[in-house]
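Per-entry structural report
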Amino acid sequence: METLQDVLFPGLNLALRQATVVDDDLRVDATGCGPPGTCPVCQHPATRVHSRYSRHIAGLPVCGRRLIVRLRVRRFFCDQPRCRRRTFVEQVVGLTEPRRRSSTAARSAMRSVAVELGGRPGARLCKKLRLYGRRTSILGELTAPPVPARAPRILGIDEFAFRKGRTYGTVLVDVESSRPVDVLPDRETGTVAAWLQEHPGAEIICRDRLMAFTKAIRQAAPDALEVADRWQCAMRRFVVSPIQSGRIWREILGSNGLPNPETVMGPQHAR
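Keep in mind it's a predicted model, so treat the numbers as computed, not measured. Along each chain, residues carry numbers from 1 onward, in the same order as the chain's sequence is written. The predicted nature of this model means local features are confined to residues of pLDDT at least 70 and side-chain atom pairs, given and counted, to a pLDDT of 80 or more, with totals for whole chains, interfaces and linings taken over all residues. Calculation of side-chain values draws on the structure's entire complement of heavy atoms; hydrogens and water are dropped beforehand.

Considerations on the environment of Pro222
Secondary structure elements follow DSSP: runs of H or I of four or more residues count as helices, runs of E of two or more count as strands, with numbering from the N terminus. The topology assignment puts Pro222 in the loop between helix H6 (211-220) and strand S10 (225-228). For the pair Pro222 and Glu203, spaced 19 residues apart in the sequence, the C-alpha separation amounts to 9.9 Å.

So, helix H5 (residues 189-198)
Because the α-helix completes a turn every 3.6 residues, residues three or four places apart line up on one side. Classification of residues uses two cut-offs on accessible area relative to the type maximum, computed with a 1.4 Å probe and protein chains only: under 20% is buried, over 50% is exposed, and between them is partly exposed. Residues of H5 that are buried include every one of Thr189, Val192, Ala193, Trp195 and Leu196, and no others. End-on view of H5: buried residues confined to an arc of 160°, all on one side of the axis. Within H5, the exposed residues directed more than 90 degrees away from the buried face are Gly190, Gln197 and Glu198. Think of it as the arc spanned by the lines of direction from the helix axis to the C-beta atoms.

Here we look at the packing of aromatic side chains
Put simply, two rings from Phe, Tyr or Trp (the six-membered ring, in Trp's case) pair if the centres are within 6.5 Å, and we call them stacked under 30 degrees between planes, edge-to-face over 60, tilted for the rest. Going through the model one piece at a time under the given rule, you end up with two aromatic pairs. Taken together, a centroid distance of 6.0 Å and an interplanar angle of 35° make the contact between Phe76 and Phe88 tilted. Taken together, the positions of Phe76 in strand S4 (residues 66-77) and Phe88 in strand S5 (residues 87-89) put the pair twelve residues apart, joining distant regions of the chain. Accessibility expressed as a relative area gives 2% for Phe76, which makes it buried. Taking the relative accessible area as the measure of exposure, Phe88 reaches 2% and is therefore buried. Placement of a charge over a ring requires the Lys NZ or Arg CZ to be within 6 Å of the ring centre, with the centre-to-atom vector within 35 degrees of the ring normal. The aromatic ring of Phe77 is capped on one face by Arg48, whose charged end is 4.3 Å from the ring centroid. Above the plane of the ring of Tyr168 lies Arg187, whose end atom (NZ or CZ) is 4.0 Å from the centre.

Description of the side chain of Ser102
Looking at the secondary structure, you find Ser102 in the loop between S5 and helix H2 (104-117). For Ser102, a relative accessible area of 10% corresponds to the buried category. Throughout, a residue-residue contact means that at least one pair of heavy atoms, one from each residue, lies within 4.5 Å. Setting aside chain neighbours within four positions, we find Ser102 in contact with Ile57, Ala58, Leu95, Arg107, Met110 and Tyr132.

Topic: a positive patch on the surface
Distance thresholds for patches are 9 Å for like charges and 5 Å for nonpolar side chains (Val, Leu, Ile, Met, Phe, Trp, Tyr), applied to residues having over 30% relative accessible area and no salt bridge. Surface accessibility in these figures is a Shrake-Rupley result with a 1.4 Å probe; residues are shielded only by whichever protein chains are displayed. Should a side-chain nitrogen of Lys or Arg be within 4 Å of a carboxyl oxygen of Asp or Glu, the pair is scored as a salt bridge. Neither His nor the chain ends is counted toward charge; the positive residues are Lys and Arg and the negative residues Asp and Glu. Every charge is mapped onto a representative atom, which is NZ of Lys, CZ of Arg, CG of Asp or CD of Glu. A contiguous patch of positive charge, built from Arg120, Arg124, Lys128 and Arg135, is present on the exposed surface. The dominant element in the positive patch, judged by the number of residues it contributes, is helix H3 (residues 120-128), at three residues. Locating Arg124 in the fold gives a position in helix H3.

A short note on the sheet that holds strand S6 (residues 154-163)
Any two strands between which DSSP finds at least two bridges are classified as paired. Spatial ordering of the open sheet is given by S8-S7-S6-S9-S10, a layout of five strands whose pairing is mixed. At either margin of the open sheet sits one strand with a lone partner, and together these are strand S8 (179-184) and S10. Looking at each pair of strands side by side, their axes are set apart by 30° on average, direction ignored. For helices, the axis comes from a line fit to the C-alpha atoms of the stretch in contact; other axes are also lines fit to C-alpha atoms, and the angle between any two N-to-C directions lies between 0 and 180 degrees. Together, S6, strand S7 (167-174) and S8 form the strand contacts of H5, whose direction differs from that of S8 by roughly 130°. Sitting on the sheet, H6 is in contact with S6, S7, strand S9 (204-207) and S10, with an inclination near 170° to S9.

What to know about H3
Those residues of H3 lying buried are Gly122, Ala123 and Cys126. Buried residues in H3, looked at end-on, bunch into an arc of 100°, giving them a common side. Exposed side of H3, more than 90 degrees from the buried face: Arg120, Arg124, Lys127 and Lys128 are the residues found there. The positive-phi residue at the C-terminal boundary of H3 is Arg130, with phi of around 65°.

Some words on the packing of H5 against H6
It is at 8 Å that the axes of H5 and H6 come closest, and there the two elements cross at 35°. At the point where H5 passes H6, the crossing takes the right-handed sense. Packed against H5, whose contacting residues are Thr189, Val192, Ala193, Leu196 and Gln197, the element H6 presents Ala212, Phe213, Lys215, Ala216, Ile217, Gln219 and Ala220 at the interface. Polar here means any residue outside two lists: the nonpolar Ala, Val, Leu, Ile, Met, Phe, Trp, Tyr, Cys and Pro, and the charged Asp, Glu, Lys and Arg; Gly therefore counts as polar. A class-by-class count of the residues in the contact of H5 with H6 yields eight nonpolar, three polar and one charged. Each helix crossing is assigned a hand: it is left-handed if the near helix lies turned anticlockwise from the far helix by less than a right angle, otherwise right-handed if that turn is clockwise.

As for the nonpolar core
Counting 17 residues, the largest nonpolar core has Leu155, Ile157, Leu172, Val192, Trp195, Leu196 and Ile205 as the members making the most contacts within it. Those elements that provide at least two residues to this core are S6, S8, H5 and H6. At four residues, H5 tops the list of elements feeding residues into this core. Setting aside its immediate chain neighbours within four residues, Leu155 contacts Leu172, Val173, Val175, Trp195, Leu196, Ala202, Ile204, Ile205 and Cys206. For our purposes a nonpolar core is just a set of buried Ala, Val, Leu, Ile, Met, Phe, Trp, Tyr and Cys residues, chained together by side-chain atoms within 4.5 Å.

Next comes the structure, spelled out in structure tokens:
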């Protein structure tokens, strides 16, 4: 590698003009020099330049310094009369994407941080790594995986809190592979039932004791076998207290971690 351009931007259609160090930042002035691009709508190649302007792109850090690329790009005309786009901006493949202020490599790194740590912890790590990434921008890099057309054979359903005491959602998990399948915006019966109708195939449904899930399964998957998971059996067994009057329900934890039929249902029901 003989030039700084080969080190920082190998194989990219860029012309490096200047590189300066300002405080803790490495600022690089570059110009796009690739062939004219194609319109993103009609895919017609451009022939005329409309104007030029500068973009600021944050890249991967270099030697502990944050990399900022001041990129001079061209805006082209789209000469197709039936196309709704009149102008479009060239993109440097491997560096820029439309409406993005970080490079492709930096976004990939932030996506990995978001998967492992989430929002605020990921933002703290990006700050130490000299990556330009705030909490919202890091979480924005996450993309939802495709939802399979059919539900897994053993489906797990449980609720979780977006904001405890106010907003709740529903998470659907493939119990056999221990992988999430989908996330629903609420825990209402209609939402869960609609998902089960659109994604048939669940033979066993492992759920908690929320009544909305019970109604949804009876409506959309009546043939599925309902199972209370071990967490619910061990930690959420509501029984009638024999000490207190008025049939007060309270929560107990078994000594062996397993349900006691005689305690939960009484001697007659146990038999």
